Structure formats: C-alpha cells, structure tokens
Amino acid sequence: MTTVPQVRTRVRIPLRFGDGPAVESEAVTFAGLSDGLEHLAFVLGKPGPVPLVRLHSECLTGDVFGSARCDCGPQLAESVARIFEAGGYLLYLRQEGRGIGLYNKLDAYALQDSGLDTYAANSALGLPEDARDYTAAAQMLSLFGVQQLDLLSNNPDKAAQLARHGIDVRERVRTGVFANENNVRYLRAKAEQTGHTLALPFEDWPASSAV
C-alpha cells in the first residue's frame, strides 16, 4: 500500500552557528516520504511565492565537528542566514557522504589520502559516485505548496532532479566558496567532474592537499 506523504510535527527551534545570533526557525518533520528517512525542513523567515531553498545533505563531520575536508559546515551556516533574510526553506536531508553513509564516507577518505579524488574513492569501494535521490525533497516542498523556487546550490543535479519532479527552479543561486588547503582538491573535483559552479581562488595550492 502506498503511503501518502504528510507533515508530522512542527516545532520552533532557534538556530545558532558559532558566536552568531540565534535565528528563529520552525522545524518540520514528515511521514510517508518515498525513502522512509527522517528528513527535516526548517522554515526560515517569511517564505514568499518563490522562496529561497537549499537542499543540504547531512554531513556529520562538517556540520557538527567542523571538519575542514569539505565545505559543508560553512555552507550550512551561510544558507540559514541567507534563507532567513530572503524567506524560504532549508531541507536537511539524511544523505551522509552523498548517500553512501558515514562509515563508507570515512573509508573513502582513507582512499583519498592515498591519492584518489572524492568520486574515484567511492567507485573504488564499489559505491556510486553520488547516490542521492531528491524525490523526498520534492515531496517535502510540495507539502509546503512550493511550485517554483530559487535554489541555493552550486550543484546542477539538484536543480535537474527537482525539475523532473515538476518543481520549477527559477534561478540557481551560488553559495560562497569556502576553500582551504584541506578541501581544495575536493572542491576542484566537484567543479571539474560534476559541473558545480565553483570559482576557486587558489589554483596554485599544492596538488598534495587533502581531498
């Protein structure tokens, strides 16, 4: 029997990143999503007819522990601030490691330390380069009545998948570029292999930097 997606709970949660001010949000949980995972949505500011939306994949190492091997933590903090100002939704999707899970992601890190890039490392483990599916995200947005949005993302695949589910992406808005000596090869791989819109400022950083 097919389960119809529905809103489960709404609760107020003030969000704070670092020493910054708290940002008011409404956290929303769901039942009946296509993949059965516990995704969250945060309603920020006052969403208008064309809200600003970010699909943010969970990253325990970056979001919680501040890992410098990726740009996830800074992107999350930036997204909350920008969406609160513009009005919209942050979808926090339980897709650790581009959908391969935490342990597999750390296994891939070990391979990256031997020279593989982030995509080749996944492949070497017999895993997809990117296993994420945004069907549940489209369902969540539909429950909010969102038919058109501005997407806060450097990743063209997110916009393409939402479009296939009937959600019109009016504009894809770039996030900041949070490059450092530990993640520059990771960011270059995303730009060069999967078309992420990243203007990297440190092209002369050593190729031996961690990925």
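Residues numbered from 1 in each chain as written. Predicted model: local features only at pLDDT ≥ 70, side-chain atom pairs only at ≥ 80, totals over all residues. Heavy atoms only, no water.

Asker: Can you lay out the sheet that holds strand E1 (residues 6-12) for me, pointing to particular residues and giving the numbers?
Answerer: With mixed pairing, seven strands are arranged side by side in an open sheet as E1-E2-E3-E5-E4-E6-E7. Every interior strand has two partners, whereas the edge strands, E1 and strand E7 (168-173), have only one. Within this sheet the neighbouring strands show an average axis-to-axis angle of 25 degrees, counted without direction. Sheet topology places strand E4 (residues 52-57) next to strand E5 (residues 88-93); six bridges connect them, and they run parallel. Counterpart to Leu 55 in the pairing with E5 is Leu 91. The sheet strands contacting helix H6 (residues 135-143) are E1, strand E2 (25-31), strand E3 (40-44), E4, E5 and strand E6 (148-152), and the helix crosses E5 at an angle near 150 degrees. (Pairing = 2+ DSSP bridges. Helix = DSSP H or I, 4+ residues; strand = E, 2+ residues; numbered from the N terminus. Axes fitted to C-alpha atoms, helices over the stretch in contact; angles between N-to-C directions. Contact = heavy atoms within 4.5 Å.)

Asker: Give a description of the packing of aromatic side chains that names residues and reports values.
Answerer: Per the counting criterion, the structure on display carries two aromatic pairs. Aromatic side chains Phe 30 and Phe 144 sit 6.0 Å apart centroid to centroid with 80 degrees between the ring planes, which places their arrangement in the edge-to-face category. Residue Phe 30 is found in strand E2, and its partner Phe 144 is found in the loop between H6 and E6; the two are separated by 114 residues along the sequence. Side by side, Phe 30 and Phe 144 carry an identical accessibility label, which is buried. Each ring, one from Tyr 89 and one from Phe 144, has its centre 4.5 Å from the other, and the planes form 15 degrees; the classification is stacked. (Phe/Tyr/Trp six-rings, centres within 6.5 Å; stacked < 30°, edge-to-face > 60°. Buried < 20%, exposed > 50% of the residue type's maximum accessible area, 1.4 Å probe, protein only.)

Asker: A description of a nonpolar patch on the surface should follow, citing residues and the corresponding values.
Answerer: Together, Leu 60, Val 64 and Phe 65 make up an exposed nonpolar region whose accessible area comes to about 310 Å². Looking at where Leu 60 falls in the secondary structure, it is placed in helix H1 (residues 60-64). (Patch = residues over 30% accessible without salt bridge, like charges linked within 9 Å, V, L, I, M, F, W, Y side chains within 5 Å. Areas by Shrake-Rupley, 256 points an atom, 1.4 Å probe, with all protein chains shown as cover. Salt bridge = Lys/Arg side-chain N within 4 Å of Asp/Glu carboxyl O.)

Asker: I'd like a description of helix H4 (residues 102-112), backed by residues and values.
Answerer: Residues Lys 105, Ala 108, Tyr 109 and Gln 112 constitute the buried set of H4. Take H4 and look down its axis: the buried residues cluster within an arc of 110 degrees, on one side only. Across from the buried face of H4, at angles greater than 90 degrees, the exposed residues are Tyr 103 and Ala 110. On its buried face, H4 sits against H1, helix H3 (96-99) and helix H5 (118-124). (Arc of directions from axis to C-beta.)

Asker: Break down the side chain of Ser 57 for me, citing the residues and quoting the values.
Answerer: Along the chain, Ser 57 turns up in strand E4. The residues contacting Ser 57, other than those within four sequence positions of it, are Asp 63, Leu 93, Gln 95, Arg 132 and Tyr 134.

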